[in-house]
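If you want the building blocks of each chain, they are given just below.
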Amino acid sequence: MALHPGGANGEPPLKKHKPSPSPSHGPGAASADPATIQRQRQALPVYRLQARLTRELTSRPTLILIGETGSGKTTQVPQFCHQAGLTKTGLVGVTQPRRVAAMSLAQRVADEMACTVGQKVGYSVRFEDCTSTQTKIKYMTDGMLLREAISDHLLRRYSTIILDEAHERTVHTDVLFGIVKKVQKIRRAKNLPELKIVVMSATMDVDHFSRYFGGAPVVYLQGRQFPVQVYYAKQPQEDPVFSSLVSVTQLHQTAPANQDVLVFLTGQEEIESMVKNLRDVGKDLPGCPRLKVVPLYASLPVQQQMEVFRETPPGQRKVIVSTNVAETSVTLPNIKFVVDSGMVKARHHQPGTGLEMLRVQKISQAQAWQRTGRAGRQSAGACYRVYTRAEFDAMSRDTVPEIQRCSLASVTLQLLTIGVKDVRNFDFLDRPDAGAIDGALRELQLLGAVTSAEQPELTPLGRRMASFPLDPKFARAILASKDHGCTEEVVTIIALLSADIILLTPPSNREAALAARQKFVAPEGDMMTLLNVFRGYRKVQKNKEWCRENYLHERHLAHAAEIRRQLLQLCAQAQLTVGSSGQNTEPVRRSLAAGLFPCAAQLTRDGHHVTVGTNQKVHIHPSSTLFMTRPACVIFTELVQTSKKYMRGVCLVDPDWLLDAAPEYFRTHRLHVES
Ligand code: CDP
Ligand code: MG
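Quick caveat: nothing in here was measured; it's all calculated off a predicted structure.

1. Considering helix 4 (residues 73-83)
Then, in step 1: For helix 4, the buried fraction is high: 9 of the 11 residues fall into the buried class.
Then, in step 2: Within helix 4, the full set of buried residues consists of K73, T74, T75, Q76, V77, P78, Q79, F80 and C81.
Then, in step 3: G85 lies just past helix 4 and shows a positive phi near 90°.

2. Things to note about the packing of helix 18 (residues 472-484) against helix 24 (residues 586-596)
Helices that pack against each other are described as a pair by the angle of their axes relative to one another and the distance between those axes.
Then, in step 1: The contact between helix 18 and helix 24 brings their axes to 7 Å, and the two run at 140°. As far as their axial angle goes, helix 24 and helix 18 are oblique. As for the relative orientation of helix 18 and helix 24, their crossing is right-handed in sense. Residues K473, F474, R476, A477, A480, S481 and H484 of helix 18 touch helix 24, and the partners they reach there are P587, R590, S591, L592, A594, G595 and L596.
Then, in step 2: Partitioned by chemical class, the residues of the contact of helix 18 with helix 24 number 7 nonpolar, 4 polar and 3 charged.

3. Here we look at the environment of L429
Then, in step 1: For L429, the position within the fold is in the loop between helix 15 (409-418) and helix 16 (434-446).
Then, in step 2: Separated by 157 residues in the primary sequence, L429 and E272 place their C-alpha atoms 37 Å from one another.

4. As for the pairing of strand 7 (residues 196-201)
Then, in step 1: Most of strand 7 is tucked away, with 6 of its 6 residues classed as buried.
Then, in step 2: Covered by surrounding structure in strand 7 are K196, V198 and M200 together with I197, V199 and S201, the residues of both alternating faces.
Then, in step 3: Pairing geometry for strand 1 (residues 62-66) and strand 7, over 5 bridges, is parallel. Counted as the bridge partner of I64 is V199 from strand 7.
Then, in step 4: Both strand 6 (residues 158-163) and strand 7 contribute to a ladder of 4 bridges, which runs parallel. What sits directly across from I161, in strand 7, is I197.

5. A closer look at the pairing of strand 13 (residues 335-340)
Then, in step 1: Taking burial as the measure, the 6 residues of strand 13 include 5 buried ones, the bulk of the element.
Then, in step 2: Bridge count between strand 10 (residues 260-264) and strand 13: 5 bridges; the pairing is parallel. The residue bridging D260 from the neighbouring strand is I335, located in strand 13.
Then, in step 3: Bridge count between strand 13 and strand 16 (residues 381-385): 4 bridges; the pairing is parallel.

6. With respect to the sheet that holds strand 13
The strands making up a sheet associate through backbone hydrogen bonding, with each pair oriented either parallel or antiparallel.
Then, in step 1: The strand order across the open sheet formed by 6 strands is 9-16-13-10-12-11, and the pairing between neighbours is parallel. Single-partner strands in this sheet number two, and they are strand 9 (228-232) and strand 11 (290-296). Looking at each pair of strands side by side, their axes are set apart by 20° on average, direction ignored.
Then, in step 2: In the packing of helix 10 (residues 268-283) onto the sheet, contacts are made with strand 10, strand 11 and strand 12 (316-322), and the angle to strand 11 comes to roughly 175°.

Conventions used here
- Residues numbered from 1 in each chain as written.
- Chains lettered and ligands numbered in written order.
- Predicted model: local features only at pLDDT ≥ 70, side-chain atom pairs only at ≥ 80, totals over all residues.
- Heavy atoms only, no water.
- Buried < 20%, exposed > 50% of the residue type's maximum accessible area, 1.4 Å probe, protein only.
- Helix = DSSP H or I, 4+ residues; strand = E, 2+ residues; numbered from the N terminus.
- Axes fitted to C-alpha atoms, helices over the stretch in contact; angles between N-to-C directions.
- Parallel < 35°, antiparallel > 145°, perpendicular 65-115°, else oblique.
- Left-handed = near helix turned anticlockwise from the far one by under 90°.
- Contact = heavy atoms within 4.5 Å.
- Nonpolar A, V, L, I, M, F, W, Y, C, P; charged D, E, K, R; others polar.
- Pairing = 2+ DSSP bridges.

So, to be careful, I would describe these as geometric facts and stop short of saying anything about function.
Structure, rendered in structure tokens:
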């Protein structure tokens, strides 16, 4: 069960701060010279359609816009809205699935409008609000807008909502479709200013969207797309990562310099190891262009992400090894070849078990074509599919929207808080499985957030849980920590879990990193280890050098410290006294168990673990500090499926605490308390 506190919800409009230099990416980012910027803008395909778009935007309530990545939708359309006068009656809000995108786009558009981020153009992401009273165009994560709807049901601050990257079909965007549609209708009925809705997408089932919005007009942007030759593997490949490596190596040996390659793999670990292998291979190939290999994935530090946009010097070749992030959400120049492993890592909810996990799986045909298209942006290209034609034919046609494959507890709680009483009959664009909604309601009931799963009414506890921009399980743990007098520790741990990866284990310095980590390792497991890391970090007053020596991600630690600060502020608003249990970890683990009890596992006589209640065989992840031990009973933050099902973020608990947390649940689910 993935307890991504970060990915779970939107973000509260908390902190107002001075604009920080935010990451800006894209080829144009390097030059902030106004004349160049204007030239670049005018060369974008969307620019030619400004007149038509302005006409549609002003005359129609809803508009759907389709155009390839890089055609200028995200940066230009909000400005068109502004120029068309739509910001006179309210903000133009533009949603993005990723926080980095929201921040970097705001930066780019602020450059284009010759202002500082936070003035006319701002952004709002979880735990960071960079807007002001002057703000007209606001880039934000989809989760953030959903969260705003809690306090402003009719989105009165907005004249226009642009749901961008709609093809990604994230849970939050999917829920927002229903919300904005409803708000538009209510505002019309109440004679309030109209809410304009713009849906923008790189690829999608247009009819589906248009029908959903009552036959809304669709505008197509003609992007440049050159032909791409597709090659398939002759036989099924056992190891797609290795086969991808072979393909890139062959390409590198045959293709002229400055023809760059984009490789699609699944996640950070494979990507980093592929990058290392390619660099090694590149060194030993005589007569080939110099090889520059760069990774690209969402949690990569922004500075390193910028590397992919840097122009390849003459006589060299760049290979970008990426997750599905490069399918649509970034504009990569100069890609001649795509190597597609055919795999993707996706979040999955297992109906019936209530467990959610990350799993590597085959992509859909739609994704395969999207990846292929990346090779034909500037000239004709080629795509090497590391799978056979028959395997391609067997792939599902479309990607299953996230809402149909992830846990809905968080979103259900939000819908209830927004005032959507009948979640089961909410106007979803694609309805999730009824069982998934029931499961979410049951979980919320167990957590004490709703009165019953059948006729859910939000409880006062549920309302308080919803005030934290966290997965309900984490919110519950924070609220429980009050009774155990350890809110300080629980908030710190949840902040650390909400930030990106803190403990670094670079393949080249693995031993040294593990040795440095020893001093933080807690016998109670990963969550307490993280707490020790944070305490050390505070003791040295956030010293950067200390972080480097200890293989800790300094920027992510700093981010965690900021999240912690804001969570503590929310605790104060919720009148939660912040106590500390000092060195005693028991109250902390008790509190965590009070929220995370649905993600618990016990040791069986055979020496492996099974999840409590759902009875799945699971293992402790090798990266866990408890990997070599056999704890009798644990809670965990995430399940990851590779060759086996692995628990990550593991914490030792006492089965009695689970019983205390949810007696009703554990009465019906087997939990053996050893005597
Ligand atoms: O949304 P769409 O993919 O259609 O295009 P866009 O994001 O508006 O990007 C249009 C162009 O703006 C890109 O090709 C980049 O040259 C530039 N851009 C940038 O320089 N920095 C960004 N953060 C985003 C876009
Ligand atoms: Mg875009």
